[in-house]
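# Overview (structure and organization)
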Amino acid sequence: MAKKGLIQREKKRQKLEQKYHLIRRSSKKEISKVPSLSDKWEIHGKLQSPPRNSAPTRLHRRCFSTGRPRANYRDFGLSGHILREMVHACLLPGATRSSW
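I will try to describe carefully the structure that is included in this document. Quantities reported herein were computed from a predicted structural model and do not represent experimental measurements. (Residues numbered from 1 in each chain as written. Predicted model: local features only at pLDDT ≥ 70, side-chain atom pairs only at ≥ 80, totals over all residues. Heavy atoms only, no water.)

## Focus: the overall build of the chain
The number of helices and strands found in the chain is three helices and two strands. Walking the chain from its N terminus toward its C terminus, one meets helices and strands in the order α-α-β-β-α. Against the compact-globule benchmark of 13 Å for 100 residues, the chain has a radius of gyration of 20 Å, which places it well outside the compact range. Taken along its principal axes, the extent of the C-alpha atoms in the chain is 60 × 30 × 20 Å. When burial is assessed residue by residue, the chain has 24% of its 100 residues classed as buried. Accessible surface for the chain amounts to roughly 8,200 Å². Of this, 54% is attributable to carbon and sulfur atoms. (Helix = DSSP H or I, 4+ residues; strand = E, 2+ residues; numbered from the N terminus. Rg over C-alpha atoms; globule rule 2.2 N^0.38 Å. Buried < 20%, exposed > 50% of the residue type's maximum accessible area, 1.4 Å probe, protein only. Areas by Shrake-Rupley, 256 points an atom, 1.4 Å probe, with all protein chains shown as cover.)

## Description of the side chain of serine 27
With respect to the helices and strands, the residue serine 27 is situated in helix α1 (residues 4-33). Apart from the residues within four sequence positions on either side, serine 27 is in contact with Ile43 and Leu47. (Contact = heavy atoms within 4.5 Å.)

See below:
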């Protein structure tokens, strides 16, 4: 189980990313439309003004049940070892069992 503080930090980053998503997208579109370099630098400065944690590259997928940050499957939202345990317990329909 991941520390609760790390999970809360990740949730905070997700909220910030959603809050500043439109601002980032609009300023990126403006940069592509403006021909002069000085105007691009101004818009780029505005793009850097939102908080760092609002950047989408700072988001990290976590396991839904344990909060583990590594080895996650996007389709299920679970980490590898939890996914394997659920498949062996027949909790995921359609998933085939394997042993290694």
